[in-house]
Amino acid sequence: MIKLTLKARPSTLFDLSNLLPETLQGKSSDEIAAIEIYSGRRTLQTGDVFDVELREDNPNLPEVQFSGDLSRASGVGSNMTSGRIFVDSAVGNRVGAGMSGGEIQINGSTGNDTGVAMAGGTIRISGSCGDRTGAAWPGQKSGMNGGVIFVDQDCGNLTGSRMRRGVIAIGGNAGTFTGRDMRAGTILVAGSCDASAGDGMIRGTIVCRKASAPGTTFRKGQTYLPPVIPLLGSWLNSRDFHGCDGLLSETRFETWFGDWTHGLKGEFFAVSSV
């Protein structure tokens, strides 16, 4: 394991996208300390910001542990392909953006664009996330294209927007336009969504506990237990995420299918109040 302990938080935002498990593996502490990171217009070296400690390394699974307040740090795990990252504090924007493999575990909340455009791997957040979790970059057609995002608390707006594959599981509430223009994939919300959820969706599944009825572009279905619900519950248990246990133990769901402008292939399930 490579442990990076923050000496003093820079006065401006700083980018940690260069500090990935696969790029740090096999390097000496001096080599890691010399890697450049960016803070505003300044270029710093890792050793200027972090104390570097090398522990017994698993050559098959590189690990990086960040310690200290990273709430002003962006790009943690951005574009990572393998290994593990652990952070013991809140983190800023772009956690796991574009990642294709590996695991990121954040013991705190994250900013905007968590897992944006990711293609694989796992992100676990013990707190809340900002806007555009698992969504597309502004102006891009495709969002999250694989992988899993687990969030213990709430997510902001546009969660899963233009999502193509993968799973986003949220233990709290979701903001507006959850799953907007969703192409495929699954979004689980243990709390509430509003009527904007699934707006313009083409395919995919959204499951939530409480929701306003979707807009007029959705067709109402029957109230029953969709077969996918217990399967999702078993799968999440196998991945050791329990934030949606209460949601997926319910037995009656109101169902809608939409958006009708795209052939009614998207699924929206909300726990029945009857």
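For every chain, the first residue of its written sequence is number 1, and the numbers climb from 1 along that sequence. With the structure being a predicted model, the display of local features is reserved for residues of pLDDT at least 70 and the display and counting of side-chain atom pairs for 80 or more, all residues being used for whole-chain, interface and lining totals. Only hydrogens and water are set aside; all other atoms, that is, all heavy atoms of the structure, feed into the side-chain values.

Engineer: Looking at this structure, how should I read the overall build of the protein chain?
Structural biologist: Under the scheme used here, helices are H or I runs from DSSP no shorter than 4 residues and strands are E runs no shorter than 2 residues, and both carry numbers assigned from the N terminus. Each helix and strand counted, the protein chain has 5 helices and 17 strands in total. For this measure, only C-alpha atoms enter the radius of gyration; the expected value for a globule follows 2.2 Å times N^0.38, where N is the number of residues. Computed over its C-alpha atoms, the radius of gyration of the protein chain comes to 20 Å, within 12% of the 19 Å expected for a compact globule of 274 residues. With respect to the principal axes defined by its C-alpha atoms, the protein chain has extents near 65 × 35 × 25 Å. The Shrake-Rupley method, run with a 1.4 Å probe, gives the accessible areas here. Residue values count only the displayed protein chains as cover. For the protein chain, the accessible surface area stands at approximately 11,600 Å², while carbon and sulfur atoms represent 46% of it. Counting rule for charge: Lys and Arg are taken as positive, Asp and Glu as negative, and neither His nor the chain ends is counted. Every charge is mapped to an atom, namely NZ of Lys, CZ of Arg, CG of Asp or CD of Glu. One way to put it: in the protein chain the 26 positive side-chain charges average out to a point 8 Å from where the 27 negative ones average out.

Engineer: Help me out: how do you make sense of the side chain of Ser67 in this one?
Structural biologist: When you line up the elements, Ser67 lands in strand β6 (residues 63-67). Here a polar contact is taken to be a pair of N or O atoms separated by no more than 3.5 Å, where protein atoms must pair a possible hydrogen donor with a possible acceptor and residues adjacent in sequence count only if both atoms sit in side chains. Of the polar contacts made by the side chain of Ser67, one reaches the side chain of Asp88; its length is 3.1 Å. Sequence-distant contacts of Ser67, that is, excluding residues within four places in its chain, are made with Lys3, Leu4, Thr5, Leu6 and Asp88. In this analysis, two residues are considered to be in contact whenever any of their non-hydrogen atoms come within 4.5 Å of each other.

Engineer: Please clarify how the side chain of Thr122 should be interpreted in this entry.
Structural biologist: Note that Thr122 resides in strand β10 (residues 122-125). The exposure class assigned to Thr122 is buried, which follows from its relative accessible area of 8%. Side-chain polar atoms of Thr122 contact the side chain of Arg239, separated by 2.8 Å. Setting aside chain neighbours within four positions, we find Thr122 in contact with Met99, Gly102, Glu103, Ile104, Val148, Phe150 and Arg239. For the exposure calls, accessible area comes from a 1.4 Å probe over protein chains only, and a residue counts as buried if that area is under 20% of its type's maximum, exposed if over 50%, partly exposed in between.

Engineer: Sorry, what's going on with the pattern of salt bridges here?
Structural biologist: Between side chains of opposite charge, a pair can form as their charged atoms come close. By convention in these notes, a salt bridge is any Lys or Arg side-chain nitrogen within 4 Å of a carboxyl oxygen on Asp or Glu. Under the criterion given, the structure shown has 8 salt bridges. The salt bridge involving Asp51 is made with Lys7; its shortest N-O contact spans 3.9 Å. Taken together, the positions of Asp51 in strand β5 (residues 50-54) and Lys7 in the loop between β1 (2-6) and β2 (14-15) put the pair 44 residues apart, joining distant regions of the chain. We classify Asp51 as partly exposed; its relative accessible area is 42%. Notably, a salt bridge pairs Arg209 with Glu250, separated by 3.0 Å at the nearest N-O pair. Here the residue Arg209 occupies a position in strand β14 (residues 205-211), and Glu250 occupies one in the loop between α5 (245-248) and β16 (253-258), the gap between them amounting to 41 residues. Assessed through its relative accessible area of 26%, Glu250 is described here as partly exposed.

Engineer: Explain unusual backbone geometry to me, please; I cannot follow it from the model alone.
Structural biologist: It is generally the case that most residues other than glycine have a negative phi and that most peptide bonds are trans. With an omega of -10 degrees, the peptide bond running from Gly258 to Asp259 counts as cis. Structurally, the position occupied by Asp259 is in the loop between β16 and β17 (266-271). Here Arg94, not a glycine, exhibits a phi torsion of approximately 65 degrees, which is positive. Looking at the element boundaries, Arg94 is found in the loop between β8 (84-87) and β9 (103-106). The class for Arg94 is partly exposed, based on a relative accessible area of 21%.

Engineer: What's the story with helix α4 (residues 228-238) in this structure? I'm lost.
Structural biologist: Residue pairs three or four apart in sequence face the same way in an α-helix, which turns once every 3.6 residues. Within α4, the full set of buried residues consists of Ile229, Leu232, Gly233 and Leu236. All buried residues of α4 fall inside an arc of 100 degrees around its axis, so they share one side. For α4, exposure combined with an orientation more than 90 degrees from the buried face picks out Leu231, Ser234 and Ser238. Phi turns positive one or two residues past the end of α4, at Asp240, with a value near 60 degrees. The arc refers to the directions leading from the helix axis to the C-beta atoms.

Engineer: How should the environment of Gln140 be read in this particular structure?
Structural biologist: Mapped onto the fold, Gln140 is located in the loop between β10 and β11 (145-151). Sequence spacing of Gln140 and Asp181 is 41 residues, and the spatial spacing of their C-alpha atoms is 12 Å.

The values are spatial; any link to function lies outside them.
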